[in-house]
Each structure stands twice: as structure tokens, then as C-alpha cells.
Amino acid sequence: MNFAFSEEQEELRRSVRRFLQEKSPSTEVRRLMETTEGFDPAVWDQMANQLGLQSLAIPEAYGGSGFSFVELTVVFEEMGAALLCAPYFSTVGLAANALLSSDDESAKTDLLPGIADGTTRATFALTEDSGQWDVESVALSASGGPEWTLSGHKMYVIDGHTSDLILVVARTGGGVSLFAVDGSAPGLVRTPLATMDQTRKQARLEFSSTPARLIGEEGGAGPLVRRTLDLAAVALAAEQVGGAQRCLDMAVDYAKTRIQFGRPIGSFQAIKHKCADMLLEVESAKSAAYYAGWAAAEDSDELPVVASLAKSYCSEAYFHAASENIQIHGGIGFTWEHDAHLYFKRAKSSELLLGDPSYHRELLAQRIGI
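Residues numbered from 1 in each chain as written. Predicted model: local features only at pLDDT ≥ 70, side-chain atom pairs only at ≥ 80, totals over all residues. Heavy atoms only, no water.

> Account for the overall build of the chain, with residues named and values stated.
Secondary structure summary: the chain contains 11 helices and 9 strands in total. A compact globule built from 370 residues should have a C-alpha radius of gyration of about 21 Å, and the chain, at 21 Å, falls within 12% of that. Principal-axis analysis of the C-alpha atoms gives the chain an extent of 75 × 45 × 40 Å. Within the chain, buried positions represent 55% of all 370 residues. Across the chain, contacts joining residues at least 24 apart in sequence account for 75% of those joining residues at least 6 apart. (Helix = DSSP H or I, 4+ residues; strand = E, 2+ residues; numbered from the N terminus. Rg over C-alpha atoms; globule rule 2.2 N^0.38 Å. Buried < 20%, exposed > 50% of the residue type's maximum accessible area, 1.4 Å probe, protein only. Contact = heavy atoms within 4.5 Å.)

Put into C-alpha cells, the structure is as follows:
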């Protein structure tokens, strides 16, 4: 195990950072978050065609580049730092991992190449009104077979209103199962939701006898869903690390240049303590996220444990860094014109996404047998 990234991985980081500096500056983030779609299709195509980001961790057999989750960790970290407005987390972090976790070779052969080349934007629909990220809460029903239809609704579906492919967790007579639904399928009504974090769009999906394709075996989606959520938690933890580091950088830079009482505010002990605490938490969050990324890449038995550990710790570290960033900036940090509130809102929404820290600590305790 080596926690140092290779030169190739660092070059990937530099390439993604340069791309995001050009394509996702604060002005563009603010423009896109005011739109219903929430992303720029031209930038999405460039991500696929110029950088190959959508195909990065998809095996070559399905049209991908065949890299590991470690490379994905690097990419998600940079995207979190830039607050990229694009359906990358929903498509790659959730949907692609759900398909890759399935043993349905036909579905993987049919659906993954479109994700890899950027022509298919996908998402994963699990949560319902309760907002619980577990299979026990699934009430949406599927009937039929082999011609399946779905009836019910899903809530808080990330990028659900713009996705071409929706992987839906539904309950059949045989148990919880996974289905693929075309974004333009009859009987599907998609309604964008008003969210606190405007940089990550969500939607309500209503299914009325909507045709669907069964992925894998009927009633066999439980382990697949749990693994998908673990991998998504690792990806989200990496995003949170990127955002937390950016908050720390913003706070330190401001503390060096803001003069009060004839000296930089960073020279005052109270500000020093805040920055030191942020640094400690950000570096610890990096260790947790990087270890989880390694576990995902190696398909380690530790993945369920370290995924919940990383998600719980990185959630709190990011939210604390975003809060302290506002405090250090003082009055300007509370204004709409400053970017601090964008990171604060992303930190809060990410803290709740996939389950809050308390939920993941409970999962962690169960998984280690406490």
C-alpha cells in the first residue's frame, strides 16, 4: 500500500485542474446553478472526448480506459474543489458503479459504452420520501416479467431530470431488484426540485406503468445496492476533501492579506488556531479518503468499513472547514458575491447525501461488530 500518488496520477490531477480552472471558474458555476439543467453539454462532451473522464475507471471490455478507483479519487477531489456543475457524480460515481457491481454481462455490454463515451448521462434512483439510503426503505413496485413496468416515485434523485438512463431500485414479488429505465420512457414524469445547494441538481421521478429492463436477477439487488453506495461514499468523500482543501486555502489566503489593527489578521492567535484546526482535519480527511480509494481500487474486504469511516469523517471536516472559512472572512464571507457560501451549501448537502455522519458511524459500528 502506497499513499503517494504516482507521477501519472499527479499529471492527471494537473490536467483536470487546468481544465476545471478554464471551464468551471466561479462565474460559470454561478451561471449554471441558475439554470434548470445545471450543466453545460459542451463541457460534458469535452470531459469525455478530450480528457476521457467518463471512461476512466470503466474496463476496456466495455469501452473504458481501465484505470482504477485511485484515479477516480483524484478526479473527484479536483471536481469537489472546483464545485463542477456536471452530472459526473451521478453518472460515474453512482450509475456506472451500479452497473459494474452487477453480474449482468448483457446489461454492462449494452449500457456502459454509452457512459464511457459521454453520450449517456445516467443516475441511480434509490431514495423515496423518507430520504433513507437503504434497500429496506424501497416501496416503489415493479410488476410483470419478463416485460417489467414500474409504478411509484423516487425523490432526491441526483440529476434525475436530465439523465438519459435511470437505474431504479424497486421491489418485486421476489424482493429488491434493479431496473434500467430510459429517460424518455412513457409514464415517466420528472420534476426538478428546489435545493439549498444549487450546484448539484435533484429531481422527483414519478413512474406510472413505466417500462423497465431488469438488471441481474429478480430480488438480487441488495448486495449490489450496498456496494454501489459504498463506492459512491468513497467518491463523495474525495469530493469533500477537495472542497475542504479549497476552503482552507481561501481562509489562509484571506488571513494573510486582510489587515486589521495594523497587522494581518492571520497573525492573531484566534485565527491561527482556526486555521491550524482546519489543516489538521483536512489532512486527516485526505488520509481517510485516499485509504478508502485504495480499498475500492483493490476490491478490499475493508471497503464497507472504510467507506463509512471516510464518509462520516470527511463530511464533518468539510462542513467545519466551510463554516470556519466564513468566520475568518468576517462580513464579506456572508455575502452572495463571495464564493464562501457556495462551498458551505455544498458541504451541507454532501454531509446529508448518502446518509449523514451519524448514520455512517452506526453502519461502521455494525460492520466492525460493535
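Text resumes after the structure shown.
> Mind laying out unusual backbone geometry, listing which residues take part and the relevant values?
Even without being glycine, Phe-261 reaches a positive phi, approximately 55 degrees. When you line up the elements, Phe-261 lands in the loop between β8 (259-260) and β9 (263-264). Residue Phe-261 is classed as exposed on the basis of its relative accessible area of 70%.

> Pulling in residues and values, what's your account of the pattern of salt bridges?
According to the stated counting rule, one finds 25 salt bridges in the structure shown. A salt bridge links Glu-128 to Lys-154, with the shortest nitrogen-to-oxygen separation between them at 2.9 Å. Linking Glu-128 in the loop between β1 (122-125) and β2 (141-144) with Lys-154 in strand β3 (residues 148-158), this pair joins segments that are 26 residues apart in sequence. Accessibility assignment for this pair places Glu-128 and Lys-154 in one class, buried. (Salt bridge = Lys/Arg side-chain N within 4 Å of Asp/Glu carboxyl O.)

So yeah, pure geometry; function would need other evidence.
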